[in-house]
Amino acid sequence: ARGRVIAFGGRILGDGEPKYLNSPDTPLFDKGRTLYNIDRAGPASRKANRLIVVEGYMDVIALDRAGIAEAVAPNGTAVTEAQLERMWRLDPAPILCFDGDAAGRKAAWRALETSLPHATDAKAIRFLFLPEDEDPDTYVRKHGKDAFEGLLGKSVPLSRFLIDELTGRVDLATAEGRARCVHEAKPLLRQVPAGVIRLQLVRELAEKTRLTADELMQACELASLSAQPPGAPARVARTPPTPLARQL
């Protein structure tokens, strides 16, 4: 974060394996906690009022050469909780940019699962999927900075990506498809902290599965919407007065 070298990484020129090779983990270099270019992207993100997260450091370099300096990347790993926390220190809603292929969507889903326990009104993430067979490196080289900037405006929030993925996997026209959707949503919704985000997700998913919000909460084994909000003072159970108490 202070611009000091803590490891090295390389990309093969031509064909061969591995395509990328990084230094091994050390006490200074923890892949799960490190974000490439964070020392330069930090000041740039505050100026641009956004943070872009791409999959590899070659994407960061290509964007920087095109004039987009507020980009970081994990180092050959899926996005971790520690990396998300570092992103949120710079931007409450970083844009996670993924390649336009099946591997990119799979990586995005892993990032979504990692972020769910931290999804609150103050911490969000957005998802951007590039056209198929494109990554930020190739796209910005072909189409330039302005075209990439246009794509950033099409990023979607976590809630939209989650709902679209869950409902896109099933046939909502059938009872079985709707039941399957609820089944797959259950472990995900249970990870989201109680609050406005979870409430919005429940209401939208309930509408799509033809349930009431309370029915969906019950199916997912979550506290009822009519239950006391977190932090509310406990209700004291009142016992009926005894005959002697009534006389007094």
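Residues numbered from 1 in each chain as written. Predicted model: local features only at pLDDT ≥ 70, side-chain atom pairs only at ≥ 80, totals over all residues. Heavy atoms only, no water.

Right, let's get into the packing of aromatic side chains. In total, this model carries seven aromatic pairs according to the counting rule given. Between Phe127 and Phe161, the ring centres sit 4.6 Å apart and the planes meet at 40°, which makes this aromatic pair tilted. Of this pair, Phe127 sits in strand β6 (residues 126-132) while Phe161 is found in helix α6 (residues 158-168), placing the two residues 34 residues apart along the sequence. In this pair, the class of Phe127 matches that of Phe161, namely buried. Three or more aromatic residues link up through ring pairs in this structure, and these residues are Phe98, Trp109, Phe127, Phe129 and Phe161. Over the ring of Phe129 we find Arg105, and its NZ or CZ is 4.1 Å from the ring centre. The ring of Trp109 has Arg169 lying over it, and the distance from NZ or CZ to the ring centre is 4.3 Å. (Phe/Tyr/Trp six-rings, centres within 6.5 Å; stacked < 30°, edge-to-face > 60°. Helix = DSSP H or I, 4+ residues; strand = E, 2+ residues; numbered from the N terminus. Buried < 20%, exposed > 50% of the residue type's maximum accessible area, 1.4 Å probe, protein only. Lys NZ or Arg CZ within 6 Å of the ring centre and 35° of its normal.)

Turning to the nonpolar core, a few remarks are in order. Core analysis: the largest hydrophobic core is formed by 41 residues, its most contacted members being Phe127 and Leu189. When contributions to this core are tallied by element, the ones reaching two or more residues are α1 (38-48), α3 (81-90), β5 (95-100), α4 (102-115), α6, α7 (175-189), α8 (196-208) and α9 (213-219). Excluding residues that lie within four positions of it along the chain, Phe127 makes contacts with Leu96, Phe98, Ala108, Ala111, Leu112, Ser155, Val156, Pro157, Leu158 and Phe161. (Core = buried A, V, L, I, M, F, W, Y, C linked by side-chain atoms within 4.5 Å. Contact = heavy atoms within 4.5 Å.)

As for its position among the elements, Thr120 is in the loop between α4 and β6. Through-space distance from the C-alpha of Thr120 to that of Ala194 is 8.5 Å; in sequence the pair is 74 residues apart. If near-sequence neighbours (up to four positions away) are discounted, Thr120 is found in contact with Pro193 and Ile197. Engagement of the side chain of Thr120 in a polar contact is seen with the backbone nitrogen of Lys123, the distance being 3.2 Å. (Polar contact = N/O pair within 3.5 Å; in protein donor to acceptor, adjacent residues only side chain to side chain.)

A few words on the pattern of salt bridges. In this structure the tally under the stated criterion is 15 salt bridges. Lys186 serves as the salt-bridge partner of Glu221, at 2.8 Å between the closest nitrogen and oxygen. Pair noted here: Glu221 is in the loop between α9 and α10 (243-247) and Lys186 is in helix α7, with a separation of 35 residues, a long-range link. Among the ionic contacts, a cluster of salt bridges with common partners joins Arg105, Glu165, Arg169, Arg180 and Glu184. (Salt bridge = Lys/Arg side-chain N within 4 Å of Asp/Glu carboxyl O.)

Moving on, we get to the state of the cysteines. Within this structure, the stated rule accounts for zero disulfides. Here Cys181 is not cross-linked by a disulfide; its sulfur's nearest cysteine counterpart is in Cys220, at 9.4 Å. (Disulfide = S-S within 2.5 Å.)

Turning our attention to the side chain of Ser155. Along the polypeptide, Ser155 turns up in the loop between α5 (136-152) and β7 (156-157). Of the residues examined, Ser155 reaches a relative accessible area of 6% and is grouped as buried. There is a polar contact of 3.1 Å between the side chain of Ser155 and the backbone oxygen of Leu152. In this view, Ser155 contacts Ile95, Arg126, Phe127 and Leu128; residues no more than four positions away in its chain are not counted.

Attention now goes to the confidence of the model for the protein. Confidence in the prediction for the protein averages 88 pLDDT; 90% of positions are at 70 or higher. Contacts for the low-pLDDT stretch residues 225-248, under 50 throughout, to residues beyond four places or in other chains number 10 contacts. (pLDDT = per-residue confidence, 0-100.)

The omega torsion across Glu17 and Pro18 is -5°, close enough to zero to call that bond cis. By the element assignment, Pro18 lies in the loop between β1 (9-11) and β2 (20-22). One non-glycine residue with positive phi stands out, namely Asp133, at about 70°. Structurally, Asp133 can be placed in the loop between β6 and α5. Its identity as a non-glycine residue notwithstanding, Glu221 has a phi of 60°, on the positive side.

Moving on: the pairing of β6. Relative to β6, β5 is paired through five bridges, and the arrangement is parallel. Residue pairing for β6: Cys97 is matched across the bridge by Leu128. Where the polypeptide runs from β5 across α4 and back to β6, its parallel neighbour, the crossover connection is right-handed. Sheet topology places β6 next to β7; two bridges connect them, and they run antiparallel. Pairing of Arg126 across the sheet is with Pro157, part of β7. (Pairing = 2+ DSSP bridges. Right-handed = clockwise from strand over helix to strand, strands pointing away.)

Here we take up the sheet that holds strand β4 (residues 71-72). Spatial ordering of the open sheet is given by β4-β3-β5-β6-β7, a layout of five strands whose pairing is mixed. Two strands bound the open sheet, and with one partner strand each, they are β4 and β7.

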